[in-house]
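A closer look at the structure
One-letter residues, chain by chain:
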Amino acid sequence: MMDVCPTSSSDLSETEEAEIEVIKQHRTELLEDIQKLKDEIAEVFAEIDLFQQSQSSKLIQRDKILSTGRKKFNMDPTKGLQYLAEHKVLSSDVQDIARFLYKGEGLNKTAIGDYLGQRDPLNLQVLQAFVECHQFANLNLVQALRQFLWSFRLPGEAQKIDRMMEAFANWYCQCNPGVFQSTDTCYILSFSIIMLNTSLHNPNVKDKPPFERFVSMNRDINDGADLPEPLLRILFDSIKNEPFSIPEDDGNDLTHTFFNPSREGWLLKLGGRVKTWKRRWFILTDNCLYYFEFTTDKEPLGIIPLENLSVRKVDDPKKPSCFELFNANCKGQKIKACKTDGDGKVVEGKHQSYKISAAGPEERDLWIEAIRTSISRDPFYDLVAARKKKVASKK
């Protein structure tokens, strides 16, 4: 701002000189106000910078907590969710948990399936909310199943499968009223489709079912009536032309497989080629028996698939409380199993049977019971048979 031009006091009256003094005073006050405004603007910008830095730091910290929480979830779903809730990243609200699982970012789909299959009241509520995250309106049953079965990995236990497929059938029927006479129809047909998918696309199944067999499987399931063949044809052709895409978790790290075992503990195992007893840490899960040298090992020394095997008590003069895994239908043949050799290579096992010793008879019996439960037949067939019996009893 320019200075007021100097004027000789002899040329101004007293009134004019007084006015000039007032103007000078106003000028000084205005400059002071401008400086104050500049200082206030500088303070605001400084506060904005601090706020942005704080928010950025909070976002970085939140991302770190979220990453840790996901890793914990993949090892133990319940503890992972508790960790996220304790750190205010995820609320304990059922809807929030369901949406978190539905988005599935960074989450192991086997862990999601295990959590949703639990029967605790909270898990059941989350399962219902999770199912309702799916939009099934105007989708045929195969399309809805594709979407549903891609969002998690279906667990192996019959009771968990039953709860999850029951929730699916109920929600599908709510989204598509009038397609089926009852949710039982949807439930049974869903399992028929899943089994059809296995029969058509599993290379080990040589007898591929024709459409007529699929129709025959689903007679009288629509409240005693048959489903329209054109509908069944659409569903059959859809599965025949494109199998279900089943989510595959990272197989390089087996840790997630063992977070919820059916049973685990130290046992003694008799060698196959060299008959010596060695102490191993055993984990029973997903119809397989894994054994490790140490509890902290991430990868097992050996894997024994339990399919087609039997288990029984056996006597051994040197080791009490023994039980044996064997193939009752193929005596004399090696059991299909694998182990890691001395060079770290995975090789075929050499056992015709596995003899294992527990610490005592009670522990032996618990292992035998757990293994027998794991060996049980494919749960899908039992679930469908039970539901068909229920439908028949209503007639």
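Our structure's up above, just so we're on the same page.
Quick look at the structure, then. Residue numbers here run from 1 along each chain, matching the order of that chain's written sequence. Local features are withheld for residues below a pLDDT of 70 in this predicted model, meaning they are given only at 70 or higher, and side-chain atom pairs are given and counted only at 80 or more; totals for whole chains, interfaces and linings count all residues. The basis for every side-chain value is the complete set of heavy atoms in the structure, and neither hydrogens nor water enter the calculation.

Moving on to the overall build of the protein chain. In this description a helix means any DSSP run of H or I spanning at least four residues, a strand means any run of E spanning at least two, and both kinds are numbered starting from the N terminus. Per the secondary structure count, the protein chain includes 12 helices and 9 strands. Burial status follows relative accessibility: with a 1.4 Å probe on protein chains alone, a residue under 20% of its type maximum counts as buried, one over 50% as exposed, and anything between as partly exposed. Looking at the 395 residues of the protein chain, the share that counts as buried comes to 38%. Sequence-distant contacts, at least 24 apart, represent 60% of the contacts inside the protein chain between residues at least 6 apart. Only the protein chains shown count as cover for residues, and the accessible areas themselves come from Shrake-Rupley with a 1.4 Å probe. Carbon and sulfur atoms provide 50% of the accessible area of the protein chain, an area that totals close to 23400 Å². Residue contacts are defined here by distance: any two heavy atoms, one from each residue, within 4.5 Å place the two residues in contact.

A few words now on the sheet that holds strand E6 (residues 322-326). Judged by pairing direction, the sheet is antiparallel, and its 9 strands sit side by side in the order E5-E6-E9-E1-E2-E3-E4-E7-E8 without closing on themselves. Pairing within the sheet leaves two strands with one partner each, and these edge strands are strand E5 (310-314) and strand E8 (346-348). Sheet twist, expressed as the mean angle between neighbouring strand axes with direction ignored, is 30°. Bridging between E5 and E6 involves 5 bridges; their strand directions are antiparallel. Looking across to E6, one finds that Ser310 is bridged to Phe326. For two strands to count as paired, DSSP must find a minimum of two bridges between them. Only the stretch in contact is used when fitting a helix axis, every axis being a line fitted to C-alpha atoms; angles between N-to-C directions are given from 0 to 180 degrees.

Once that is clear, we can look at the packing of helix H6 (residues 141-150) against helix H7 (residues 158-175). Axis separation between H6 and H7 bottoms out at 12 Å; the angle between their running directions is 130°. Judged on the interaxial angle alone, H7 and H6 are oblique. Of the two elements, H6 crosses H7, and the hand of that crossing is right-handed. Touching Leu141, Ala144, Leu145 and Phe148 of H6 are Met164, Met165, Phe168 and Tyr172, all from H7. For the contact of H6 with H7, the per-class residue count stands at 8 nonpolar, no polar and no charged. Roughly parallel covers angles under 35 degrees, roughly antiparallel covers those over 145, roughly perpendicular covers 65 to 115, and oblique covers all other angles. Each helix crossing is assigned a hand: it is left-handed if the near helix lies turned anticlockwise from the far helix by less than a right angle, otherwise right-handed if that turn is clockwise. Under this grouping Gly is polar, as are all residues other than the nonpolar Ala, Val, Leu, Ile, Met, Phe, Trp, Tyr, Cys and Pro and the charged Asp, Glu, Lys and Arg.

A separate point is a positive patch on the surface. A cluster of basic residues, Arg273, Lys278, Lys334, Lys339 and Lys350, forms a positive patch at the surface. Position of Lys334 among the secondary structure elements: in the loop between E6 and strand E7 (338-340). In this structure Lys334 comes out as partly exposed when scored by relative accessible area, which is 46%. A patch consists of residues exposed above 30% relative accessible area that lack any salt bridge, with like charges linked at up to 9 Å and nonpolar side chains (Val, Leu, Ile, Met, Phe, Trp, Tyr) linked at up to 5 Å. When a carboxyl oxygen of Asp or Glu lies within 4 Å of a side-chain nitrogen of Lys or Arg, that pair is called a salt bridge. Under this rule, positive means Lys or Arg and negative means Asp or Glu; His and the chain ends count for nothing. Every charge is mapped to an atom, namely NZ of Lys, CZ of Arg, CG of Asp or CD of Glu.

The next point concerns unusual backbone geometry. In this structure, Lys88 takes a positive phi of about 60° despite not being glycine. With respect to the helices and strands, Lys88 occurs in the loop between helix H2 (77-86) and helix H3 (94-103). Judged by relative accessible area, which is 74%, Lys88 ranks as exposed. Phi angles above zero are rare outside glycine, and Asp220 is one such case at about 60°. Within the secondary structure layout, Asp220 lies in the loop between helix H9 (211-217) and helix H10 (229-241).

Pairing of aromatic side chains here covers Phe, Tyr and the six-membered ring of Trp, requires ring centres within 6.5 Å, and sorts the geometry by plane angle: under 30 degrees stacked, over 60 edge-to-face, intermediate tilted. In this structure the tally under the stated criterion is 13 aromatic pairs. Between the aromatic rings of Phe214 and Phe236, the centroid separation amounts to 5.9 Å while the plane-to-plane angle is 45°, which identifies the pairing as tilted. With Phe214 in helix H9 and Phe236 in helix H10, this residue pair connects regions lying 22 residues apart in the sequence. Take Phe214: its relative accessible area is 1%, and that puts it in the buried class. Among the aromatic side chains, those forming a connected cluster through ring pairs are Tyr102, Phe130, Phe136, Phe148, Phe152, Phe168, Tyr172 and Phe180. Put simply, a charge is over a ring when the Lys NZ or the Arg CZ is close to the ring centre, within 6 Å, and near the line of the ring normal, within 35 degrees. When the ring centre of Phe326 is taken as reference, the NZ or CZ atom of Arg312 above it lies at 3.8 Å. Its guanidinium or amino end placed over the ring of Tyr187, Arg387 lies 3.7 Å from that ring's centre, counting from NZ or CZ.

Here the focus is the side chain of Lys160. Mapping Lys160 onto the fold places it in helix H7. According to the relative accessible area criterion, Lys160 is buried, its value standing at 7%. A distance of 2.6 Å separates the side chain of Lys160 from the side chain of Asp114, its partner in a polar contact. By the criterion applied in these results, polar contacts are pairs of N or O atoms within 3.5 Å in which, for protein atoms, one can donate a hydrogen and the other can accept it, and in which residues neighboring in sequence qualify only through two side-chain atoms.

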